[in-house]
Amino acid sequence: MKRITYIVLLLAALMSSCSRGGADVQDPKPSVYYWRTVFSLDSAEQQFLAQHHVGRIYMRYFDVALLRGNVMPNATISFNQPVPQDIEIIPTVFIVENCLNADLNGVAQKLVNRILKMNKVHNINNVKEIQIDCDWTKNSQERYFNFLNEVRQLLTPLGMRLSATIRLHQLIMKAPPVDYGVLMMYNTGAIDATNGHNPILDYRDVYPYLKNLRNYSLPLCAAWPAYKWNLLKTGNQFKAILYDVNLADTSLYREVAPGHIVVVANRSLPEPNSDGSDLTRVLLGDSVITVMPTDSQILDIISATEKERPGINKQAIIYSLDTKNINNYNTQFYEKVFNR
Amino acid sequence: MRKFLTVSLLAFIGLSALACGPWVRPHYYVFSAYHRNTVENTFYPRMKAFWLDYSPLIKAQPSDIDALSYVEDNFDESDNSVIRAAREKKDTEMLNYLRQLTQYLNICYNISMSWDYPSEEETAHRNRTLKMVAIRARDYSGTRLAPQYHLLVMRCQMVLGEHKKNLAYWNNVKDKLAPSVYKDMMRDIYAGALVNSGNIDEASNIYYELGDMASIMWLKRDERNLEGIKREYARDPKSPSLIFLVQDFVNNASDTRYSANLYASSCPETDNEIKGFIALAQKVLKDGKTDCPALWQSAMGYLNHSIGNSQQGISQLTQAMTMKGTDRMRDNARTCRLVATCESTKPGKQLYDFLFTELKWLLQAERNDAPSSTGEYAPIQNHYSEVLQNIVYDTLDPALTQAGDTNMRSLIMTWMERHDLGDYEGFSPDWKNLLDNLTAQETIDFNNRLGSKMTPFENWLSENTKIEPNYFNDLVGTKMIREGRFQEAIPYLQKVSMSFLNSQPIASYVAARNYKFQPCLVPQYEYRDGVISLKNNQKLEFCRDMIAAKAEFQKATTGAEKAMAAYKIAGFYLQASFRGNCWYLSRYGNSVNDEMCYKEEADFLGEAAHWYETALAQQGISNKDMQLYLYANAWLPYGEEMIVAEYDSNYNLIYKYNKQSRKFKAMVALKQFATKNPNSLIPVVSKCDVLRQFKFLYVSN
């Protein structure tokens, strides 16, 4: 009798542990995001895929944006190269949040049809899932979830899953109606914050949300950054991210410390500005601060998430596959991220 | 014909935003060796102009030009005004062209604005259509629409990705085509094909000539410094891209120097670049390989000026004005010389004589140059307008202020006001700010000078310019009130017409307010409903009442009478101060952050304090009146704050009474009176929550 009681208690404990959070992502594999507008892998990228046995590519197919007042696809990826057949492709669509306030009637069907057609035209066969990425908020939650439900209903008869990105602030809200979520562990801070936090990934920004991981009802995996930003600032005020500039130009920049460059002249650069214009004006005395979390910082936060939600990193996704990014970290780092 | 510059008292409202604050304007680039219009894509407006000329139908429905992108499916029944115009004109040739054009535009539209991703078959069909359109376009044998058809061929080939075909096509037809927007667009497509084939240098040159500066800036992004210019020069001393690079370099370098001077910092890298550039320019001029020495000479001159070698720079700029290059380059040298001279010469006859000639020239250059944008109020806005603004606002205004030449400053600023406004009868903040900041006497002197014998330069500046008489008199009267010169203000204010006062947007606001009320007793927060007309000139009445009240004080024989007169005077001062309900009596703008900020401004709040104290110092005042004076004096927002915030040793914020402050002392006097006479208090005192709180806190403090 005593033994039976013990077993019952053990089972209850196990069940309770299961109900604390969702399960892990099914069939986890080392994964990457591909976020460029042209699909073309160079040799370093191909080598990265092979070396780390990458099994899934979450590939941004297009954005959905409001164009001339209509919800339309935008910045569709073009294919300069066949997509690897041995890697599962997850077509990913980024939806600009303001679309959720527009007329979404029929958009779910159009979105699914478009993805299916793109797969067919470009011979992308290894597709079992679609992912939707959107920075939804409390205000747009209901419309977004309705939209996801529509997409899911369209995918189910096709035997396809639906996943969605989950930003940290969304952990405290209701979980979206999808099969699993990808916790975005990048862009965790405000880019214009003046608190000295690393806007790409900073434990101080992550910490307040960790407690929500345990009971989050969706199965989750996590995506981790492999990129760096060059932030242009006047004083402590953010002006722009400099994407494609030659920081070795000594007529314009002077490095005063590792990762800290001072602008030594005035010049307008053909770089998108935070105010939406195509030119960014750098001024004498401005700073360019390179931000990139160190490998140990990322690994520490991975451990912290793992502690709160064991198994969340069984499938880790690197954001994003690009030679410019992947060389920011060494092979050992990626091995540690992928092999949890 | 003499034209009056009428500046309305709209400024009553407008100036409120800048009552005591600066007006910040941009500092523009000075060096402009190529036309500003060329930095903007002019293809679309030029093409649109063609269609608008084609038929009044299109003028009535210009959005149909863009709508050509989605009429392909129902071309024959289309109601699009462009197609309808061709149909009504029975212009078969145009209809045929439009049929091909709409097919092409429709494909482009569907590529960018469609949920329907094309299947392989659809892509093949789309490509076949584009090829067919290209073939039909190529087959056109007429002359009238040949440029349009040639462009259509290249557009189709571009969408098909046939860049090499476009390279060949352009080279084959370019010499057969007269200049047109279509030819420029073909050349733009050709440049794109060059980029595609890796020929960046030739593409950059074309983009320069087409004025596509965004593209050239991108393609030459690694050449935008001294080393880059050296490489470009070594590659081709006559490269059109060099004109872009040199102009870009000079503007960025001189702008950096300007910032460094403004913020008293240094820019050693830029100084080195400038010195290196000057050496390069000397070499270029010596080599003799450039076809535009005026460009290099003027760049060298302006940069020499920017690093402090102004005399040498001005001399080099003068030489550049006659050197080989385009007219624009020589004009640019002269513009740079004007700026350099203004920035390096002290105000005085030599500078004024120079300005007399050169400003006239600059205005002519401004008129001859096409506007780069059509500002809402500015009649012309182009590079020369911007240089003029730099000269007047950033150089002459501070220099003349520093030199104390108020008359010349006022003349130039008024002239600039006239220039900036054109035919618009409004105001510009700069000039209003200037006038607002003059004393009454300076305003009178300035106006007198406008009508007196002046130098030819001054005459030229003041030509067509006069302050509208009503505005002038109101301005002087207001300034005199502000300076406490009430008697002197009267003759000026008497000349202001009621129709002028009632035409001002602030008239209703003024009509709803009364300076005779003590502000502590009668709050005046809101406008009255509806539009109210002024029945009299309130400023004039105020002056008269103030003079009368002061006379009353002098004539009073008893303490009570003297006290009542003083109380009234104090109320007048307070109401007309920047903290009063009737602030408009002494200034043209008001904000919560205001303070005394004008030259020779009288301290109205200080005067109010003095007169309240005078009232309180009189003998024989009734109990009721004493309460009024004590209450008004305690209410007066003048002097240090009664309560101050401090941190204690544990950094906790604590609030303390500032016992030395006038306000505290006035409140203590009121409290003492109220404590002594609890049964005879007038309602405003007995119900005063501030006093009640003060009594409680003061006791417990």
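Student: Looking at this model, I keep getting lost on the overall build of chain B. Mind explaining?
Tutor: When helices and strands are counted, chain B shows 35 helices and two strands. Residues counted as buried form 40% of the 701 residues belonging to chain B. Of the contacts made within chain B by residues no fewer than 6 positions apart, 64% connect residues no fewer than 24 positions apart.

Student: What is the right way to read the overall build of chain A from this model?
Tutor: On a plain count of helices and strands, chain A comes out with eight helices and 18 strands. Computed over C-alpha atoms, the radius of gyration of chain A comes to 22 Å, within 12% of the 20 Å expected from 2.2 N^0.38 for 340 residues, which places it in the range of a compact globule. With the C-alpha coordinates of chain A rotated into their principal frame, the extents come out at 80 × 50 × 40 Å. For chain A, buried positions account for 38% of its 340 residues. A fraction of 72% describes how many contacts in chain A between residues 6 or more apart in sequence connect residues 24 or more apart.

Student: Would you mind showing me how to read the interface of chain A and chain B here?
Tutor: The parts lose accessible area when they come together, and the size of an interface is often stated as this lost area. Contacts between the two partners involve 23 residues from chain A, matched on the other side by 23 residues from chain B. Among the elements that take part in the side of chain A that touches chain B, helix H3 (residues 107–121) of chain A stands out by supplying five residues, more than any other. Along the lines of polarity and charge, the residues of the side of chain A that touches chain B split into 11 nonpolar, five polar and seven charged.

Student: Sorry, what's going on with helix H29 (residues 538–555) of chain B here?
Tutor: Side chains three or four residues apart in an α-helix point the same way, a direct result of the helix having 3.6 residues per turn. Residue and element names in this part refer to chain B. Between its first and last C-alpha atoms H29 spans 25 Å; for 18 residues at 1.5 Å apiece the expected length is 26 Å, and the two agree. All of the buried residues in H29 are Gln 538, Lys 539, Leu 540, Phe 542, Cys 543, Met 546, Ala 549 and Phe 553. Contact partners of the buried residues in H29: helix H25 (469–482), helix H26 (486–494), helix H28 (507–511) and helix H30 (559–576).

Student: How should I be thinking about the pairing of strand E13 (residues 253–257) of chain A in this particular structure?
Tutor: Put simply, side chains in a regular strand alternate between the two faces of the sheet. Residues and elements named next belong to chain A. In this sheet, strand E14 (residues 260–263) lies alongside E13 in antiparallel orientation, the contact comprising four bridges. Along E14, the bridge assignment pairs Arg 254 with Val 262. The hairpin formed by E13 and E14 contains two residues between the paired strands, and Gly 259 there has a positive phi angle of roughly 80 degrees.

Student: Can you help me understand the nonpolar core in this one?
Tutor: The tendency in soluble globular proteins is for nonpolar side chains to be buried as a group. By size, the foremost hydrophobic cluster in this structure holds 101 residues, and its most contacted members are B:Leu152, B:Val246, B:Leu295, B:Ala299, B:Tyr302, B:Leu303 and B:Ile412. In this structure, A:Tyr61, A:Trp136, A:Tyr144 and A:Tyr186 belong to the second largest nonpolar core, which totals 75 residues.

Student: How do you make sense of the environment of B:Leu95 when you look at a structure like this?
Tutor: Residues and elements named next belong to chain B. With respect to the helices and strands, the residue Leu 95 is situated in helix H6 (residues 92–112). In sequence terms Leu 95 and Leu 521 are 426 residues apart; their C-alpha atoms lie 80 Å from each other. Every residue in contact with Leu 95, bar those within four places of it in the chain, is listed here: Ala 86 and Arg 87.

Student: Please clarify how the sheet that holds strand E17 (residues 287–291) of chain A should be interpreted in this entry.
Tutor: Hydrogen bonds between backbone atoms are what pair the strands of a sheet, whose relative direction is either parallel or antiparallel. Residue and element names in this part refer to chain A. Ordered in space as E12-E11-E17-E14-E13, the five strands form an open sheet in which the pairing is antiparallel. The outermost strands of the open sheet, each flanked by one partner alone, are strand E12 (237–241) and E13. Going across the sheet, the axis of each strand differs from the next one's by a mean of 35 degrees, ignoring polarity.

Student: Looking at this model, I keep getting lost on the pairing of strand E11 (residues 229–234) of chain A. Mind explaining?
Tutor: All names here are of chain A. Here E11 runs beside E17; their pairing, made up of five bridges, is antiparallel. Each bridged residue has a counterpart across the sheet, and for Leu 232 the counterpart in E17 is Val 288. Where E11 meets E12, four bridges bridge the pair, whose relative direction is antiparallel. Of the residues in E12, the one forming a bridge with Leu 231 is Ile 241. Between E11 and E12, which pair antiparallel one after the other, the connecting turn spans two residues, and Gly 235 there sits at a positive phi close to 60 degrees.

Student: Sorry, what's going on with the domain arrangement of chain B here?
Tutor: Residues and elements named next belong to chain B. For chain B, the domain assignment lists domain 1 (497–625) and domain 2 (639–700). Listed by partner, the interface residues are four residues for domain 1 and five residues for domain 2. Partitioning the side of domain 1 that touches domain 2 into residue classes produces two nonpolar, one polar and one charged.

Student: Quick question: what am I supposed to make of the domain arrangement of chain A here?
Tutor: Per the domain assignment, the segments making up chain A are domain 1 (6–227 + 301–338) and domain 2 (231–289). Between domain 1 of chain A and domain 2 of chain A, the C-alpha centre-to-centre distance is 31 Å.

Student: What am I meant to see in the packing of H25(B) against H26(B) here?
Tutor: What describes two packed helices is the angle between their axes and the distance between those same axes. Residue and element names in this part refer to chain B. Interaxial distance between H25 and H26 falls to 8 Å at its minimum, and their mutual angle equals 170 degrees. Between H25 and H26, the angle is such that the two are roughly antiparallel. Residues Asn 473, Val 476, Gly 477, Met 480 and Ile 481 of H25 touch H26, and the partners they reach there are Phe 486, Glu 488, Ala 489, Tyr 492 and Leu 493. Of the residues contributing to the contact of H25 with H26, the split by class is seven nonpolar, two polar and one charged.

Student: Even after reading the chapter, I still don't get the environment of B:Val392, so can you show me in this structure?
Tutor: All names here are of chain B. Structurally, Val 392 can be placed in helix H20 (residues 383–403). Judged by C-beta crowding, with 22 C-beta atoms within 10 Å, Val 392 ranks as buried. Each C-alpha atom of the pair Val 392 and Ser 254 lies 18 Å from the other, and the pair is 138 residues apart in sequence. Excluding anything up to four places from it in sequence, Val 392 contacts Asp 397, Ile 412 and Met 416.

Student: I keep staring at the confidence of the model for chain B and nothing clicks. Help me out?
Tutor: Interpretation of the predicted coordinates at a detailed level should be avoided for regions scoring low in pLDDT. Counting all residues, the mean pLDDT for chain B is 88, and 89% of those residues have values of 70 or more. Across residues 1–22 of chain B, where pLDDT falls below 50, the model places 55 contacts with residues more than four positions away in sequence or in other chains.

Procedures and definitions
Residues numbered from 1 in each chain as written. Chains lettered and ligands numbered in written order. Predicted model: local features only at pLDDT ≥ 70, side-chain atom pairs only at ≥ 80, totals over all residues. Helix = DSSP H or I, 4+ residues; strand = E, 2+ residues; numbered from the N terminus. Buried ≥ 20, exposed ≤ 12 C-beta atoms within 10 Å, placed from the backbone. Contact = placed C-beta atoms within 7 Å. Rg over C-alpha atoms; globule rule 2.2 N^0.38 Å. Nonpolar A, V, L, I, M, F, W, Y, C, P; charged D, E, K, R; others polar. Expected span 1.5 Å × (residues − 1). Pairing = 2+ DSSP bridges. Core = buried A, V, L, I, M, F, W, Y, C linked by C-beta atoms within 7 Å. Axes fitted to C-alpha atoms, helices over the stretch in contact; angles between N-to-C directions. Domains from an automatic or database assignment. Parallel < 35°, antiparallel > 145°, perpendicular 65-115°, else oblique. pLDDT = per-residue confidence, 0-100.

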